[in-house]
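Notes for the structure review
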Amino acid sequence: MKENVSFTLIAAILTLFLAAAEASVTTSKKLSEGTEFTVDGGTLRVQFWSDNIVRVTYVNAAELPTNKSLTVVANPKKVKLRQRENDRAFTLMSTHIRVKIDKQTGVVSFLDVADHVLLQESAQGREIAPATQRGITGNSCALSFDLPADEGIYGLGQHQQGSWNYSASGGSVTLAQANMNVGIPVITSSKGYMLLWDDPAVTTVSARTAGDTNAKPRVLRWSSEWGKAIDYYFCYGDGTIDTALKAYRNLTGNAPLMPKWELGFWQCKERYASQDELLGIAKKLRELKVPVDGIIQDWQYWPPGTNTWGSHLFDPKRYPDPVGMFKELHEMNYHALISVWAKFDLGSDNSKELNAVGGMFPQVTSYAFPPGHGQWYDPFAAVGRQTYWKQMRDEIFAKGVDGWWLDAPEPEIGGMGFRNYQTPMGPGYEVYNAYPLMHSGGIYQGQRAATDQKRVVILTRSAYAGQQRNSAITWSGDITGTWQVLKNQIPAGLNCSLSGIPYWNTDTGGFFGSRETGDANPGNPRYQEFFARWFQFSAFCPMFRVHGSYGEKPGKEFWRFDGKTQDIMRTYLNLRYRLMPYLYSTAWQVTAEGSAFMRPLVMDFPKDPQALNIGNQYLFGPAIMITPVTSAEATNQPVYLPSDGAPWYDFWTGETFPAGQRVEAAAPVEIVPLFVRPGSIIPLGPFLQYSSEKPADPIELRIYRGADGKFTLYEDEGDNYNYEKGKHATVLISWNEAKQALEIGKRNGEFPGMVKERTFYIVWVSENHGAGIPVTEKPDAVVHYTGTAVTVPMGKSTK
């Protein structure tokens, strides 16, 4: 018996010895912020960027290449790391994340502080293989991660197939910039982490089963057609998506605060063809007292003929006084964006200047819209960005325009022709997806250098990881107005939000018309219903904008619709403007805390299994849940009320409904279902014709009881960068459910023009009280606020 035991022990020791001899990880070298390992003859570096960000880099060579990230702007911070080692693994630990490197396989795993696995590379999941582009031999890079069946995966930019939760839907997504498809190599997990795959080459991301179709777990595989190394960042905070998103924004750049006027309503069309037409539209909207803040001049304002595209000139016959046009718009309290392209006609003065300094790509001889010759400028060249902005500054910005509409910034060069070009930052196939990031970045940096009195606003058809730092709003492209396309916009926008891009919108009613919905004709009842439903959805997007193709006559202006549709439009315009204190405060949370406007249910209810697969509902800001109606002739809409303890409130009626159930919400064409989360505080301002018409005084504070809640009211001057210098004010407003008391906290900060004394009308929302858009006639308490803290117990009026 003793001999058998001894033999067994010797065999076990021998097995461990042989395993160690064959281990993938053969050496390790400690770094100040992590550790570098030799794995299967390659090099693996695990580097802590901060307590909640880890960078992992691998190459099948003895030394890592020098990778200059186009997305990452943060530098590594000094992190107090703990390291431990046993016979199976190395473990590196910060205050938020533990990273384990398996000695035998070299697999990297990410764990929380309780040692729960958050993400794990697949065994033998790394693949760096020879690849050839344009006769140049390099590498393609791929990596797989194990994916548990109960984990939701979101993000990857914006895609039009209607997918939500890539883990559940399976299939693959190609990240390659194109009209209507935005490639962003970022995912967000229901487990509360985000991952940036730091490779701007065309990349395919696929979710599939490992082995047979019934195999669990699934595998999430990243595969880039070109790359110097496998290079990715893992972001994790306290287990909530919000803290991961904040870490990601710290890594790639925070979103600047948009001006308040960006949050108002925007009227545009492809295209207003003259100064008289543009001003006439603006005047009529004001005459009809339609709340509106912005109007957009689309393309072809330049003179007809050759050598004028990219000239930034106005056709003097149609636009005799552009300076006066913008001045008149400002006098009517409008702000204006204008279309600018990265494309230039050959022979124009701007084209010649860009060519002379080395800021142009070679000539294009087959551009589809319209056919002809042209060139696209190179934003990867610093001189290209600087010259491009200088031309915009001197020839357009100086005339009084307020912001920029960047069309076709993918760039739209003969499909994916940009891959064939060379840039100072690498060949086009290596940096392909980053064109819109560099393009918008040059404009943002240029305007910031020119003035700090006007905030940058950029509306762009494409985006890449980190583009939020350029004050850019993504729109979903030249979509067609069908019910299915409308339905697809919701998960498209939510995935964009979970890719780190907080500002997003659509062409309300579709860019192109469709026979199915009445050919974009405001006189057609089918289109009237369809447009009303899309308008309701757009009222709950970070930018609220109407647009359509020039082929859709007569246009989508307010007065072209029937009276019933006009009433619906006015309802949601009034709601949007009454919500301005809520919207602007949410915008501040986006800037200061890395938050999001469009919040899919998984952000706030990750423990609710139902919430993981719902991509047609979302919270707009922290409180209001919308379920857009996306089918014709609907009178009811199924709505899931996530498990949150206390009942939810119907915004329109004040009626409450138990959480954790699906309800059939009333949804006649006049109504989009809106439910408010228990514990919410919503500040409503006065009715407005434009965002800066009057101060937000009085403010109606609607309190939705049932849980503790808080809301930070934010205010500043509205349109300059003084807020970055501390010129702003915040008031923390809290509801204590146990004490049944509201506290309006001490005001912190000040700014020029601040309302120093204001009135708060307090409303404890209940059925038919504090419901809908109208001002509540009989508030439950009235507070004269001077900046000092005030406590309002329920049932006691404070005046």
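Thresholds, definitions, all that
- Residues numbered from 1 in each chain as written.
- Predicted model: local features only at pLDDT ≥ 70, side-chain atom pairs only at ≥ 80, totals over all residues.
- Heavy atoms only, no water.
- Axes fitted to C-alpha atoms, helices over the stretch in contact; angles between N-to-C directions.
- Helix = DSSP H or I, 4+ residues; strand = E, 2+ residues; numbered from the N terminus.
- Parallel < 35°, antiparallel > 145°, perpendicular 65-115°, else oblique.
- Contact = heavy atoms within 4.5 Å.
- Nonpolar A, V, L, I, M, F, W, Y, C, P; charged D, E, K, R; others polar.
- Salt bridge = Lys/Arg side-chain N within 4 Å of Asp/Glu carboxyl O.
- Buried < 20%, exposed > 50% of the residue type's maximum accessible area, 1.4 Å probe, protein only.
- Pairing = 2+ DSSP bridges.
- Core = buried A, V, L, I, M, F, W, Y, C linked by side-chain atoms within 4.5 Å.
- pLDDT = per-residue confidence, 0-100.

So, the packing of helix α4 (residues 275–287) against helix α5 (residues 322–331)
Viewed as axis vectors pointing N to C, α4 and α5 meet at an angle of 5 degrees, and their least axial separation amounts to 11 Å. Classed by the angle they form, the pair α4 and α5 counts as roughly parallel. Contacts between α4 and α5 involve Q275, L278, L279, A282 and K283 from the first element and P322, M325, E328 and L329 from the second. Partitioned by chemical class, the residues of the contact of α4 with α5 number six nonpolar, one polar and two charged.

Details of the pattern of salt bridges
Scanning the model with the defined rule gives 35 salt bridges in all. Salt-bridge contacts for R55 lead to D231; the nearest nitrogen and oxygen are separated by 2.8 Å. Of this pair, R55 sits in strand β4 (residues 53–59) while D231 sits in strand β18 (residues 230–236), and the two are 176 residues apart along the sequence. Taken individually, R55 and D231 each receive the classification buried, so the pair is uniform in this respect. Among the ionic pairs, E715 bridges to R758, the shortest N-O distance being 2.7 Å.

Focus on unusual backbone geometry
A negative phi holds for most residues other than glycine; trans holds for most peptide bonds. Here the amide bond leading from E270 into R271 is cis, since omega sits at 10 degrees, within 30 degrees of zero. Note on placement: R271 falls in the loop between β19 (265–267) and α4. A cis geometry characterises the amide bond from D697 onward to P698, with omega recorded as 5 degrees. Considering the arrangement of structural elements, one finds P698 in the loop between β39 (681–684) and β40 (699–703). Phi is positive for M180, close to 80 degrees, though the residue is something other than glycine. Mapped onto the elements, M180 comes out in the loop between β13 (171–175) and β14 (182–189). One non-glycine residue, D519, adopts positive backbone phi at about 55 degrees.

Focus on the sheet that holds strand β31 (residues 598–600)
In a beta sheet, neighbouring strands pair by backbone hydrogen bonds and run either parallel or antiparallel. Taken in spatial order, the six strands of this open sheet run β31-β32-β33-β38-β35-β36, and their pairing is antiparallel. A strand with exactly one partner marks an edge of an open sheet, and here the two such strands are β31 and β36 (656–657). Bridge analysis of strand β33 (residues 624–626) against strand β38 (residues 674–676) gives three bridges, and the strand direction is antiparallel. Within β38, the residue paired with I624 across the bridge is V676.

Side note on the side chain of H769
Tracing the backbone shows H769 in the loop between β45 (758–764) and β46 (781–785). H769 sits in the buried class, given a relative accessible area of 18%. Residues contacting H769, with those up to four places away along its chain left out, are V763, W764, T776, K778 and D780.

Topic: the nonpolar core
Core analysis: the largest hydrophobic core is formed by 185 residues, its most contacted members being W404, F540 and L742. In this view, L742 contacts I681, L701, I703, I733, S734, W735, I762, W764, V790, T791 and V792; residues no more than four positions away in its chain are not counted. V56, C141, W197 and A207 belong to the second-largest nonpolar core, a separate cluster that totals 42 residues.

A few points about the confidence of the model for the protein
For the protein, the average pLDDT comes to 93, and 94% of its residues sit at 70 or higher. Overall, residues 1–23 carries pLDDT values under 50, and its contacts beyond four positions in sequence, including any with other chains, amount to three contacts.

Focus on the pairing of strand β8 (residues 108–111)
Burial of the side chains of β8 extends over both faces: V108 and F110 are buried on one face and S109 and L111 on the other. A loop of five residues connects strand β7 (residues 98–102) with β8, the two strands running antiparallel in sequence, and G106 in this loop sits at a positive phi of about 75 degrees. As defined by bridge partners, β8 adjoins strand β9 (residues 117–121) across three bridges and the pair is classed as antiparallel. Residue S109 lies in a different strand from β9, and its bridge partner there is Q120.

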